[in-house]
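Residues per chain are reported as follows:
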Amino acid sequence: MTLEKIRSDDRIQIVLGLLTGIVFGFLLQKGGVTTYGVILGQLLLTDFTVLKVMLSAVLVGMIGIYALKTAGLVRLHCRMGSIGATVIGGLIFGAGFALLGYCPGTAAGALGTGALDAGVGMAGMAIGAGIFARLYPFLDRVILNKGAFQSQTIPDLIGIRPGIVVIIVAVMIIGIFWALSAIGM
Amino acid sequence: MIEWLMMARWSPYVVGGGIGVLIWTVFLLSDHPLGCSTAFANTAGMVECAFSHGKAREMPYYKKFIPGIDWYWMLIVGVLIGAFLSAYLSGTLALVIVPSFFASTFGTGAVLRFTVALIGGILLGLGARWAGGCTSGHGISGTLQLALSSWVAAICFFAGGILVAGLMFGFRFP
């Protein structure tokens, strides 16, 4: 079966979504990031587990995705951003992140481990997404396109070949890990 | 092998590396990033359609993102099952209503915790759709592609989160 067939078969994709979720949820729980105290610890800068998980995923994921892209096996899927959409939306998200103490993925994981407050938060997320869908025509007209970014990717922005940027980001991430361990975090 | 699966915690570096490899398979087999907030827009759309006898399908946002049971929706079902399995195997399943860290500052009242959780959830759902992704879609899948919007979004997620967490619990870093 070719990759194209797998990618365009809705039934296979439903099964793949479920399997991907099971592995993702298993990993999130083993990493401790489905725990309220661990996420708040990150936002209060007393526990860096969340950052370690995210940056290791970026390090491994980035190298693999750029290698697969070079081999012609995958495409990138970057979204264009803007001040009005990315910055404002990101700050609203951040406020919700601190209030709930889980993000959309880790909330589902937390509910799986028995955290009922995460289930309340998930109901809230569906309400919030519904509010956005209602407001979308208005927001799209007045704010989402304000201050559009001119570049899609960081290599475009700084004008350096993607391969070099991958190496720079990898070195920076390893540097952050080293610094965290140096200060005993 | 089974002892490893039964451990309560794995190194965050191992977990992150595993998530990175998982994302390779998603790009390869599904040709899109791994993101968790789309499922909540799907749910909102499906509920709206059920209550409006399908009229909500005509709303501009649901024309752009067609609500239904798809890869993204099943991902969230899977996350719930996967985290359950992990906690079950390590014997750490526990019914929690008010997390102990929240209770240490705000008390053990369930009404307060659920109210804060509901408001937080609404802001997360709104903000994730507004910014075009969440901690996994922008914060991991987007940043690893070196997408500019995703790095900006991830910085804003944490800037907003650090500010509000500091206001709630007091700023603790030196």
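Predicted model only: the values in this text are computed from it and were never measured.

**Topic: the overall build of chain B**
Logical step 1: Each helix and strand counted, chain B has nine helices and zero strands in total.
Logical step 2: Starting at the N terminus and ending at the C terminus, chain B contains elements arranged as α-α-α-α-α-α-α-α-α.
Logical step 3: Over its C-alpha atoms, taken along the principal directions, chain B stretches across nearly 45 × 40 × 35 Å.
Logical step 4: The 174 residues of chain B split such that 53% are buried.

**A word on the overall build of chain A**
Logical step 1: When helices and strands are counted, chain A shows nine helices and zero strands.
Logical step 2: Going from the N terminus to the C terminus, chain A shows its helices and strands as α-α-α-α-α-α-α-α-α.
Logical step 3: Projected onto the principal axes, the alpha-carbon positions of chain A cover approximately 50 × 45 × 45 Å.
Logical step 4: By residue count, 48% of the 185 residues in chain A fall in the buried class.
Logical step 5: Long-range pairs, those at least 24 residues apart, make up 57% of the contacts in chain A with a sequence separation of at least 6.

**Description of the environment of A:Arg141**
Residue and element names in this part refer to chain A.
Logical step 1: On the secondary structure map, Arg141 appears in helix 7 (residues 116–142).
Logical step 2: Judged by the 9 C-beta atoms lying within 10 Å of it, Arg141 falls in the exposed class.
Logical step 3: Sequence spacing of Arg141 and Gly159 is 18 residues, and the spatial spacing of their C-alpha atoms is 31 Å.

**Some thoughts on the interface of chain B and chain A**
Logical step 1: Chain B puts 113 residues into the contact, and the matching count from chain A is 109 residues.
Logical step 2: At the level of secondary structure, the elements contributing two or more residues to the side of chain B that touches chain A comprise helix 2 (12–30), helix 3 (38–51), helix 4 (60–64), helix 5 (71–89), helix 6 (100–106), helix 7 (110–131), helix 8 (137–142) and helix 9 (148–169) of chain B.
Logical step 3: Here the side of chain B that touches chain A gets 18 residues from one element, more than from any other, and that element is helix 7 of chain B.
Logical step 4: A breakdown of the residues in the side of chain B that touches chain A according to their chemical character gives 77 nonpolar, 29 polar and seven charged.

**Concerning the environment of A:Pro155**
Logical step 1: Counting through the fold element by element, A:Pro155 comes out in helix 8 (residues 154–158).
Logical step 2: Residue A:Pro155 is classed as partly exposed on the basis of its C-beta count, with 18 C-beta atoms lying within 10 Å.
Logical step 3: Between the C-alpha atom of A:Pro155 and that of A:Ile174, which follows or precedes it by 19 residues, the distance is 20 Å.
Logical step 4: With residues up to four places along the chain from it excluded, the contact list for A:Pro155 reads A:Ile160, A:Arg161, A:Pro162, A:Val165 and B:Leu146.

**So, the packing of helix 4 (residues 49–70) of chain A against helix 9 (residues 162–182) of chain A**
All names here are of chain A.
Logical step 1: Between helix 4 and helix 9, the least distance of the axes is 10 Å, while the angle of their chain directions is 160°. By the angle between their directions, the pair helix 4 and helix 9 is classed as roughly antiparallel. For the pair helix 4 and helix 9, the sense of crossing is left-handed. Contacts between helix 4 and helix 9 involve Leu55, Val58, Leu59, Met62, Ile63 and Tyr66 from the former and Pro162, Val166, Val169, Ala170, Ile173 and Ile176 from the latter.
Logical step 2: When the residues that make up the contact of helix 4 with helix 9 are grouped by side-chain class, the tally is twelve nonpolar, no polar and no charged.

**Observations concerning helix 9 of chain A**
All names here are of chain A.
Logical step 1: Along its 21 residues, helix 9 runs 30 Å from first to last C-alpha, staying within 8% of the 30 Å computed at 1.5 Å per residue.
Logical step 2: In terms of residue burial, helix 9 counts as a barely covered element, since only one of its 21 residues are buried.
Logical step 3: Downstream of helix 9 by a residue or two, Gly184 has a phi angle that is positive, lying close to 75°.

**Topic: unusual backbone geometry**
Logical step 1: In this model, A:Leu45 sits at a positive phi of 60°, which is unusual for a non-glycine residue.
Logical step 2: Of note, A:Leu45 is situated in the loop between helix 3 (36–43) and helix 4.
Logical step 3: Owing to 17 C-beta atoms within 10 Å, A:Leu45 belongs among the partly exposed residues under this scheme.
Logical step 4: Even without a glycine there, the phi angle at B:Leu146 is positive, about 65°.
Logical step 5: For B:Leu146, the position within the fold is in the loop between helix 8 and helix 9.
Logical step 6: Take B:Leu146: there are 24 C-beta atoms within 10 Å of it, and that puts it in the buried class.

**Some thoughts on the confidence of the model for chain B**
Logical step 1: Averaged over all residues, the pLDDT of chain B equals 96, while 99% of them reach at least 70.
Logical step 2: Two numbers describe this predicted complex: its pTM, 0.97, and its ipTM, 0.97.

**Some words on helix 6 (residues 104–112) of chain A**
An α-helix turns once per 3.6 residues; consequently, residues spaced three or four apart project the same way.
All names here are of chain A.
Logical step 1: Counted residue by residue, helix 6 has nine buried out of nine residues, so it is predominantly covered.
Logical step 2: Among all positions in helix 6, only Pro104, Gly105, Thr106, Ala107, Ala108, Gly109, Ala110, Leu111 and Gly112 are buried.
Logical step 3: Of the residues one or two after helix 6, Gly114 is the one with positive phi, at around 110°.

**Observations concerning the environment of A:Thr113**
Logical step 1: Counting through the fold element by element, A:Thr113 comes out in the loop between helix 6 and helix 7.
Logical step 2: For the pair A:Thr113 and A:Thr35, spaced 78 residues apart in the sequence, the C-alpha separation amounts to 9.1 Å.
Logical step 3: If we ignore the near neighbours within four places in the chain, the residues touching A:Thr113 are A:Gln29, A:Thr34, B:Ala83, B:Phe84, B:Ala87, B:Thr92 and B:Leu93.

Reading the values: rules and limits
- Residues numbered from 1 in each chain as written.
- Chains lettered and ligands numbered in written order.
- Predicted model: local features only at pLDDT ≥ 70, side-chain atom pairs only at ≥ 80, totals over all residues.
- Helix = DSSP H or I, 4+ residues; strand = E, 2+ residues; numbered from the N terminus.
- Buried ≥ 20, exposed ≤ 12 C-beta atoms within 10 Å, placed from the backbone.
- Contact = placed C-beta atoms within 7 Å.
- Nonpolar A, V, L, I, M, F, W, Y, C, P; charged D, E, K, R; others polar.
- Axes fitted to C-alpha atoms, helices over the stretch in contact; angles between N-to-C directions.
- Parallel < 35°, antiparallel > 145°, perpendicular 65-115°, else oblique.
- Left-handed = near helix turned anticlockwise from the far one by under 90°.
- Expected span 1.5 Å × (residues − 1).
- pLDDT = per-residue confidence, 0-100.

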